[in-house]
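Listed below are the residues making up each chain.
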Amino acid sequence: MSAPRLRIRAIELYERPVRFVKPFRFGAVTVEAAPQSFVRALVAVEGQGEAWGATAEMMMPKWFDKRPDRSPADTVDGLRRSLIEARDAYLSDDRLDTAFGHHAAFTPTLEPKLAAAFGPAEIDKAVLDGLLRVLGLNAFEGLGANVAGLDARLAPDLAGFDLDGFLRGLSPLGEVELRHTIGLLDKPEDLRALLERSPLRWFKIKLGGDVSADIERLCDLADVLERSAPGYRATLDGNEQYRDAGHVAELLDRIDASPALAGFRKALAYLEQPITREAALARPLGAVADRLPIIIDESDDGYDAFPRARALGYRGVSSKSCKGLYKAMLNRARCAAWGAPHFTSAEDLTCQAGLSVQQDTVLVAFLGIPHAERNGHQYGGGFGNETEGAAFLAAHPGFYAREAAGTVRLATGSGRLATAPLSAPGYAHLSDPDWAGLSPLSNPTSALF
């Protein structure tokens, strides 16, 4: 089917606070609370009707923008500003266009680019949800049929590539395996206790950038994993804490030289964004690229980032809904066009219960990525209230479960998330947040960037 054209009639922006049940440390930052953004968009599809779509995403401080002169509150305000800029631009464009056409027509003006992309990424998800609802299609059907009108105008390296055929040929997964993140504050005994009750097989370990401290910690964690999770696989996340390729080579040298890490080295799949974004794409990785696949995450701040990274020796890129679902789809198409060893991973710790985790999990499954970083449920407090949680549980049985204490949480007991409960018309949800319990998006108060 050809992609329908639509107008965006209205966009509403909300937020609510999420207090973490335990602190999370990544890189140089420890986070104990963060606001979650919510977006509603009313779309009118040419000749077919109109519907509201919705989405949600954490506004994580000091990840999108790690500039040292910006406070955590400043960086959250940057995400609010990105949402407001995108809302105003999308609403000022009254043309009929495809969902992707509306996205492609918008050029963010804010800095840094990763933060500037947050606003359109969220609005695009809400617009897609509304479009699918009008068409009566679920996400797998709609994305496979390219109802958004995805094309190569923002990725000219894919000119001539059959995007429609590629999307039509994808085989969405029936389940996505959980990859558990071990934060810098998580202790080996915490991991051991988790593995006594959870059948996890994939793990993601945060690094701090001090090679000796990272090696000591990896030895402690590897001992737990080899005893309690035989056959495990692991990834490492540098979170931009390493200076350059030489610093990364030092880490790999120490891993390779440690008898205690021999099993861990065999289980290691890839290393994510070890080098600070200012330096990561400034020069080739060199010989270190042949020792372990290295992927970009924070450096993935535009449609040209993955091709630039590939030329420097990087082998992969992360898919994250907060960076844009269309960019994730085009990057996955690039991997198909380029062939092995290029790949797309699924990274997102902070997806909270409800729209955020459901939509990102469906995107991951559609792209055929078998495992995803997925334990925001262990840091966030779940749904906004009991009524909202009960509604999502009733709408998506099997994706959520009620704990003994009565709280509705993600159903992680099998170590996998099933996608069948998310297959109703729309973008992966039958239930909505408690809109009346949300606050309008706060006006940014920090100085302009």
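Student: I would appreciate a short explanation of helix α14 (residues 355-367) in the present structure.
Tutor: In an α-helix there are 3.6 residues to a turn, and that puts residues three or four apart on one side. Look at α14: 18 Å from first C-alpha to last across 13 residues, which is about the 18 Å you get at 1.5 Å a residue. Of all 13 residues in α14, 13 are buried, a share of seventy percent or more. Directly after α14, the chain includes G368, whose backbone phi takes a positive value near 80°.

Student: In this structure, what is going on with the pattern of salt bridges? I would like to understand it.
Tutor: Any two side chains of opposite charge can pair if their charged atoms end up close together. Inspection of the entire model under this criterion finds 40 salt bridges. Linking R201 and E177 is a salt bridge whose minimum nitrogen-to-oxygen distance equals 3.1 Å. Linking R201 in the loop between α7 (188-195) and β5 (202-206) with E177 in strand β4 (residues 175-182), this pair joins segments that are 24 residues apart in sequence. Relative accessible area serves as the criterion here: at 36%, R201 is assigned to the partly exposed category. Since its relative accessible area comes to 9%, E177 is described here as buried. Across the salt bridge formed by D360 and R374, the nearest N and O atoms sit 2.7 Å from each other. With a gap of 14 residues between them, D360 in helix α14 and R374 in the loop between β11 (371-373) and α15 (386-395) connect regions that are remote in the sequence.

Student: Whenever I open this one, the environment of A121 confuses me. Can you help?
Tutor: Counting through the fold element by element, A121 comes out in helix α4 (residues 118-135). Residue A121 is classed as buried on the basis of its relative accessible area of 2%. Note: C-alpha distance between A121 and L184 (63 residues apart in sequence) is 28 Å.

Student: Is there a simple way to explain the nonpolar core in this structure?
Tutor: Core analysis: the largest hydrophobic core is formed by 147 residues, its most contacted members being F264, Y314, M329 and Y400. Apart from the residues within four sequence positions on either side, Y314 is in contact with I275, A280, L281, L285, I294, I295, I296, A309 and H342.

Student: Looking at this structure, how should I read the packing of aromatic side chains?
Tutor: Any aromatic ring pair is given by two values, namely how distant the centres are and how the planes are angled relative to each other. The final tally for this structure, using the stated rule, is 16 aromatic pairs. When the centroid spacing of 5.3 Å and the interplanar angle of 75° are considered together, the rings of F64 and F118 count as edge-to-face. Of this pair, F64 sits in the loop between β3 (49-58) and α1 (72-92) while F118 sits in helix α4, placing them 54 residues apart in sequence. Across the pair, exposure class does not vary: F64 and F118 are buried alike. Plain terms: the ring middles of Y270 and F343 are 5.3 Å apart, the flat faces sit at 50° to each other, and that makes the pair tilted. In this pair, Y270 is assigned in strand β7 (residues 268-272) and F343 in strand β10 (residues 343-346), connecting sequence segments 73 residues apart. The exposure class assigned to Y270 is buried, which follows from its relative accessible area of 4%. Taking the ring centre of Y379 as reference, the NZ or CZ of K22 above it sits at 4.9 Å. Lying across the ring of W52, R40 places its NZ or CZ 4.2 Å from the centre.

Student: What should I look at first to understand the state of the cysteines in this one?
Tutor: The bond known as a disulfide is covalent and runs between the sulfur atoms of two cysteines. Taken as a whole and assessed by the stated rule, the structure comprises zero disulfides. C322 forms no disulfide, and the closest cysteine sulfur to it belongs to C351, at a distance of 7.5 Å. Residue classification places C322 among the buried residues on the basis of a relative accessible area of 5%. By relative accessible area, which is 3% here, C351 ends up buried.

Student: What should I look at first to understand the environment of P35 in this one?
Tutor: Following the sequence through the fold, P35 ends up in strand β2 (residues 29-45). Separated by 191 residues in the primary sequence, P35 and E226 have C-alpha atoms spaced 37 Å apart. With sequence-adjacent residues up to four places away left out, P35 is seen in contact with E15, R16, P17, V18, M58, M59, V76 and R80.

Student: In this structure, what is going on with the packing of α7 against helix α8 (residues 211-228)? I would like to understand it.
Tutor: Relative orientation and spacing of two packed helices are given, respectively, by the angle between their axes and the distance between those axes. Where α7 meets α8, the axes come as close as 9 Å, and the angle between the chain directions of the two elements is 15°. With respect to α8, the axis of α7 lies roughly parallel. Remark: the crossing between α7 and α8 carries right-handed chirality. Here P188, L191, R192 and L195 of α7 come into contact with α8, specifically with D220, L221, V224, L225 and S228. Across the contact of α7 with α8, the residue classes tally to six nonpolar, one polar and two charged.

Scoring rules and cut-offs
Residues numbered from 1 in each chain as written. Predicted model: local features only at pLDDT ≥ 70, side-chain atom pairs only at ≥ 80, totals over all residues. Heavy atoms only, no water. Helix = DSSP H or I, 4+ residues; strand = E, 2+ residues; numbered from the N terminus. Expected span 1.5 Å × (residues − 1). Buried < 20%, exposed > 50% of the residue type's maximum accessible area, 1.4 Å probe, protein only. Salt bridge = Lys/Arg side-chain N within 4 Å of Asp/Glu carboxyl O. Core = buried A, V, L, I, M, F, W, Y, C linked by side-chain atoms within 4.5 Å. Contact = heavy atoms within 4.5 Å. Phe/Tyr/Trp six-rings, centres within 6.5 Å; stacked < 30°, edge-to-face > 60°. Lys NZ or Arg CZ within 6 Å of the ring centre and 35° of its normal. Disulfide = S-S within 2.5 Å. Axes fitted to C-alpha atoms, helices over the stretch in contact; angles between N-to-C directions. Parallel < 35°, antiparallel > 145°, perpendicular 65-115°, else oblique. Left-handed = near helix turned anticlockwise from the far one by under 90°. Nonpolar A, V, L, I, M, F, W, Y, C, P; charged D, E, K, R; others polar.

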